[in-house]
Amino acid sequence: MISTSKLMIGFCSALCLTAAGCGAPAAVPEADTDTATIPAAETSAAPQKSFAEMSPPERLQLMMSGERKTHCDAPSGTPTLATNILYEGSKPPRCSTNVHGEIEVLPSGVEATHWFVSADDVTWHLVTAGDPTNEPVIFLHGLPETWYGFHHQMSGLSDTYFTISIDQMGYGQSAKDLSLDFSNPAMAAKLRALIDKLGVDTFYVVGHDRGAVTLDYLMAEEGMPARIKKYVRMQQSGNRPHGEPRPPHELFASPMGTEVFARDGQIRMLYTTESGYSTINLPQEEIDRFAYEFLYQGAAEAITKYFQSTNFDIELEDRVAEGGLFDQMTMPVLFVQGALDPGQHIEEYQYLDEDLVNPTLIVIEDASHFLHVEKPEAVTQIIRDFLAGQ
């Protein structure tokens, strides 16, 4: 069983998780893996009935709220292009609004560059920030997000690492052709082909939600575990069944799921305190950007097809089976979980050392499911410390 060690967090000029500048916490692990618990800040009272507490019909009604807002636009204006073209460009998928080599200034002021790269018959959209000669960190988002979900971490780590945030197959501006195989093993194989095409040898990976699932399956690709130096795995089930309430995968796999994914109702609801899945109300301009990036035409249908091939039980079996995905994780793996996630209960993560060689668990007490946008500075610092540690 994973031991629990209390990690007292102090604030200097920034959030400190190590002894540097803030004083070293005393923590004595009782097993090979540790749980560091970040104390919760004072928060206002929870709403009387959150999304997580609603009945399934009530949840569906809320998810189906809002308008059907899929869009198919074209690039507009005259973009600023990078002078150093890192990758051979491909024709962007239909409806894409960025172009190969286009520079975007993130809200932090950090410059990021959009790329469209084809590998193994799939055209991918990815965004990079930082010096390409630095060690690469690959970010893979979950649902309902895109590359932009990690813009805080890209900005925060780009001073030290070459950050690469990818639109998963079926999402954002990556390929959404329904002729593609959207099963987890196939998506991992296609991701491997992209990583090879980018010329990345060894690298770090960070996954959230469904992104962590794809990265889990990447471990089954020959030679990949040796190339992945460390793995940060956020807000996804481990070696125990997903708790209740579970996301409705059967609904997501149905035509009704396509309708949910084509509307902005769930996005505008999930990133608020009323949902139970966020401890903050995300600024409206950020929610607008999240919704725009998620609602590219064709994404709703592709994501529905993805859920027709998978569910939590299949994924759990593939992780914990003898010789399965967790057995392939020979690198250090950091699980980062928000204690307030309604469905992913912290007790489900107390026995990770039964199935993993080198796991560590950090729990952020005052965060829920979207901890990377709820507590962006804290999560960035946790990633930085883990990647830099021995």
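Quick note: structure is the one above.
Description of the structure in this document. (Residues numbered from 1 in each chain as written. Predicted model: local features only at pLDDT ≥ 70, side-chain atom pairs only at ≥ 80, totals over all residues. Heavy atoms only, no water.)

Okay, the overall build of the chain next. Regarding its fold elements, the chain presents 14 helices and 13 strands. Here the chain holds 390 residues, and 57% of them are scored as buried. Here the analysis covers contacts within the chain between residues at least 6 apart in sequence; of these, 75% occur between residues at least 24 apart. With an accessible surface of roughly 15,800 Å², the chain has 52% of that area assigned to carbon and sulfur atoms. (Helix = DSSP H or I, 4+ residues; strand = E, 2+ residues; numbered from the N terminus. Buried < 20%, exposed > 50% of the residue type's maximum accessible area, 1.4 Å probe, protein only. Contact = heavy atoms within 4.5 Å. Areas by Shrake-Rupley, 256 points an atom, 1.4 Å probe, with all protein chains shown as cover.)

Next up on the list: the packing of helix α3 (residues 184-197) against helix α4 (residues 210-218). α4 packs onto α3 with a crossing angle of 80° between their chain directions and a minimal axis gap of 8 Å. Taken together, the axes of α3 and α4 lie roughly perpendicular to each other. In this structure, α3 contributes N184, P185, M187, A188, L191, R192 and I195 to the contact, and α4 contributes V213, T214, L215, Y217 and L218. (Axes fitted to C-alpha atoms, helices over the stretch in contact; angles between N-to-C directions. Parallel < 35°, antiparallel > 145°, perpendicular 65-115°, else oblique.)

Before going further, it helps to examine α4. Within α4, 9 of the 9 residues are buried, which leaves the element mostly enclosed by the surrounding structure. Within α4, the full set of buried residues consists of R210, G211, A212, V213, T214, L215, D216, Y217 and L218.

Here the focus is the pattern of salt bridges. The final tally for this structure, using the stated rule, is 18 salt bridges. In this structure, K69 engages D264 in a salt bridge whose closest nitrogen and oxygen atoms are separated by 3.5 Å. With K69 in the loop between α1 (56-63) and β5 (103-105) and D264 in the loop between α7 (255-261) and α8 (265-270), the pair connects residues that are 195 residues apart, well separated along the chain. What makes D264 buried here is its relative accessible area of 4%. Salt bridges here are not isolated pairs; linked through shared partners, they connect K69, D264, R268 and D288. (Salt bridge = Lys/Arg side-chain N within 4 Å of Asp/Glu carboxyl O.)

Let us look at the packing of aromatic side chains. Counted according to the given criterion, the structure contains 15 aromatic pairs. Relative to F294, the ring of F261 has its centre 6.4 Å away and its plane inclined at 75°; by these criteria the two rings are edge-to-face. Of this pair, F261 sits in helix α7 while F294 sits in helix α9 (residues 284-294), and the two are 33 residues apart along the sequence. With a centroid separation of 5.1 Å and 75° between ring planes, the pair formed by Y271 and F290 is classed as edge-to-face. Note that Y271 is positioned in the loop between α8 and α9 and F290 in helix α9, a separation of 19 residues in sequence. Residue class for Y271 comes out buried when judged on its relative accessible area of 0%. Stacked on the ring of F386, the Lys or Arg K230 has its end atom at 5.2 Å from the ring centre. Here the guanidinium or amino end of R289 rests over the ring plane of Y148, the centre of that ring lying 4.3 Å away. (Phe/Tyr/Trp six-rings, centres within 6.5 Å; stacked < 30°, edge-to-face > 60°. Lys NZ or Arg CZ within 6 Å of the ring centre and 35° of its normal.)

Another aspect to go through is the pairing of strand β7 (residues 122-129). Taken across its 8 residues, β7 has 8 buried, putting it largely inside the fold. Sheet topology note: the strand β6 (residues 111-119)/β7 ladder contains 7 bridges and is antiparallel. Residue pairing for β7: W115 is matched across the bridge by L126. Hairpin connection of β6 to β7: 2 residues between the antiparallel strands, including D120 at a positive phi of 50°. Where β7 and strand β9 (residues 162-166) come together, 4 bridges link them in antiparallel fashion. What sits directly across from L126, in β9, is I166. (Pairing = 2+ DSSP bridges.)

In this section: the side chain of S90. Turning to its location among the elements, S90 is positioned in the loop between α1 and β5. The exposure class assigned to S90 is buried, which follows from its relative accessible area of 19%. When near neighbours in sequence (up to four residues on either side) are disregarded, S90 contacts F116, V117, S118 and T123.

Two measures define how a pair of helices packs: the angle their axes make with one another and the distance between the axes. Packing of α4 against helix α11 (residues 312-320) leaves a shortest axis separation of 11 Å and a crossing angle of 40°. Accordingly, the angle class assigned to the pair α4 and α11 is oblique. α11 is crossed by α4, and the crossing has left-handed handedness. Within the contact between the two elements, α4 uses R210, V213, D216 and Y217 and α11 uses F312, I314, E315, D318 and R319. In terms of residue class, the contact of α4 with α11 is made up of 4 nonpolar, no polar and 5 charged. (Left-handed = near helix turned anticlockwise from the far one by under 90°. Nonpolar A, V, L, I, M, F, W, Y, C, P; charged D, E, K, R; others polar.)

This paragraph deals with the side chain of E102. Checked against the element boundaries, E102 lands in the loop between α1 and β5. Within the buried set, E102 has no salt-bridge partner at all; the shortest N-O distance to an opposite charge, 8.1 Å, is to R289. A polar contact is formed between the side chain of E102 and the side chain of N98, at a distance of 3.3 Å. A distance of 3.0 Å separates a polar side-chain atom of E102 from the backbone nitrogen of V99. Contacts of E102, omitting those with residues within four sequence positions, involve P79, T80, L81, T97, A112, T113 and H114. (Lys, Arg positive; Asp, Glu negative; His and termini not counted. Polar contact = N/O pair within 3.5 Å; in protein donor to acceptor, adjacent residues only side chain to side chain.)

On to the environment of E222, then. By the element assignment, E222 lies in the loop between α4 and α5 (224-227). In this structure, the C-alpha to C-alpha distance between E222 and R192, residues 30 residues apart in sequence, is 9.6 Å.

Attention shifts here to the pairing of strand β12 (residues 333-338). Every regular strand shows the same layout, with side chains that alternate between the two sheet faces. When you tally the buried positions in β12, you get 6 out of 6 residues, the bulk of the element. Neither face of β12 is open: one carries V333, F335 and Q337, the other L334, V336 and G338, and all of them are buried. In this sheet, β12 lies alongside strand β11 (residues 228-234) in parallel orientation, the contact comprising 4 bridges. Paired with M234 across the strands is V336, a residue of β12. For β12 and strand β13 (residues 359-364), the ladder comprises 6 bridges, and the chain directions are parallel. In the strand pairing of β13, G338 is matched with I364.

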